[in-house]
Amino acid sequence: MKPKIWLSPPHMGGSEVHYVQEAFESNYIAPTGPSVDAFEDALCKYTGSRYAIATSSGTAAIHLALLALGITRGDIVLCQSLTFCASANPIMYQGAVPVFIDSEPASWNICPNAAEDAILYYIRKGIVPKAIMVVHLYGMPACMQEMLYLSRKYNIPIIEDAAEALGSAFQEKKAGTFGDAGILSFNGNKIITTSGGGALLTDRAALAERARYLASQARENVAHYEHREIGYNYRLSNVCAGIGLGQMKVLDQRVQQRRHVFMHYKQKLENITGISFQHEQDTAYSNRWLTALQIDPAMLLGLRLRLFENLAAENIEARPVWKPMHMQPVFQGTQFFGSDVAQRLYKNGICLPSGSALTSGELDRITGCMLRSQ
Ligand SMILES: *Cc1c(COP(=O)(O)O)cnc(C)c1O
């Protein structure tokens, strides 16, 4: 068996262990501590966000964003359908009602027209949706200009799920800083990792303060542990934040490496009629967290399945595109606006190994296998 090529493995820069050691030496083996503060500062500096709250996961950060925006039982939340379940699950934690929105074919992200159809549908019924969950899938910025226009026009806050998009930008502004709240993930497979962790980004002081309070068990600022609300234990460990500090030093390098991986695939595969990639608009800059492509079944009959088989046989991990939330059994019966764009992306899509440590030999092994599968 040839050596395994993983889809998106962690890639340490070298200094992480120094910061972890520092946590041990100072005995800050706790949620919160100096590394957490420093990591939050580093995230603010890098993204340009005014506030950053490090959390135990990206999912926790999404839940905090909903909580801090006051989303509660029965509220309508529009959510991009083509995404990982963690964009939608926290809507359910709140007892709110997710309404799924189709993708547009260029970026694969939320379709502004379908989103406006949904908003108008609910406004006609006398209900204003309470938030819009916009995702930058595989690092590709969504149509932010159009989505921000809708947000202002109907006065609906945007939560930006930038879990996969740290380092991406739109009109030179970093992903995660457009919405009323943005969230990041540092899970093991993301562009940088803290082994597990996340962050909430916002420019709004009150929202940041509220999120921080709720993430720390809603403890009032008195010595005797007074509680007036239900809180959560969502803070990031100081040990994990140390890993994050090391990873921040190599983040720009990781973005370059992932973009290089994408360029390799593009050069080798773009001439095959029927293969197309996620499209970067002129003003968008993707971290290319994962290279994802579409295989047109009318032109390349059976190729997608053959690729999955042949790559697996060569010990290369590839993955289908996320199954849209409106097609998931757990969300059966929820409302969906749009047509079949997300469904087709799912049926025809494939994600290729995109790790930042891939060697040119490994990249050739992958594209070699793909070209032989035609
Ligand atoms: C990874 C991911 C999350 C959740 O992050 P965790 O840190 O794993 O909880 C949310 N949304 C998207 C789109 C993701 O890819």
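Within every chain, residues take consecutive numbers counted from 1 along the sequence as written. Residue-level local features of this predicted model are given only where pLDDT is at least 70; pairs of side-chain atoms are given and counted only at 80 or more, and the full residue set underlies all totals for whole chains, interfaces and linings. Neither water nor hydrogens contribute to the side-chain values; these are computed over all heavy atoms in the structure.

For the chain, an unreviewed UniProt entry supplies the name Aminotransferase class I/II-fold pyridoxal phosphate-dependent enzyme and the organism Dyadobacter sandarakinus. UniProt positions are given in the numbering used here, feature names are shortened, and annotations may be inferred rather than shown by experiment. What UniProt states about the chain under its Sequence similarities (unreviewed entry) heading is, verbatim, "Belongs to the DegT/DnrJ/EryC1 family."

What follows covers the environment of Ser 81. Structurally, Ser 81 is set in the loop between strand 2 (76–80) and helix 4 (89–93). You can call Ser 81 buried: its relative accessible area is 0%. Ignoring anything within four residues of it in the chain, the contact list for Ser 81 reads Phe 100, Ile 101, Pro 324, Met 325, His 326 and Phe 336. Only DSSP runs of H or I covering at least 4 residues are called helices, and only runs of E covering at least 2 are called strands; the numbering of each starts at the N terminus. The buried label goes to any residue with under 20% of its type's maximum accessible area, the exposed label to any with over 50%, and the partly exposed label to all in between, with areas taken from a 1.4 Å probe on protein chains only. The contact criterion used is simple: two residues touch if any of their non-hydrogen atoms lie within 4.5 Å.

It is worth spelling out the state of the cysteines at this point. Criterion for a disulfide: a pair of cysteine sulfur atoms at a distance within 2.5 Å. Applying the stated rule across the entire model yields zero disulfides. No disulfide involves Cys 240; its nearest neighbouring cysteine sulfur is the one of Cys 44, lying 19 Å away. Counting only cysteine sulfurs, Cys 351 is the nearest neighbor of Cys 369, a cysteine outside any disulfide, at a range of 16 Å. According to the relative accessible area criterion, Cys 369 is buried, its value standing at 2%.

On to the pattern of salt bridges, then. Every case where a carboxyl oxygen of Asp or Glu lies within 4 Å of a side-chain nitrogen of Lys or Arg is listed as a salt bridge. Taken as a whole and judged by the stated rule, the model has 13 salt bridges. The closest approach of N and O atoms between Glu 116 and Lys 153, which form a salt bridge, is 2.9 Å. Residue Glu 116 is located in helix 5 (residues 112–124), and its partner Lys 153 is located in helix 6 (residues 144–154); the two are separated by 37 residues in the primary sequence. In this structure, the salt-bridge partner of Arg 228 is Glu 226, at a minimum N-O distance of 4.0 Å.

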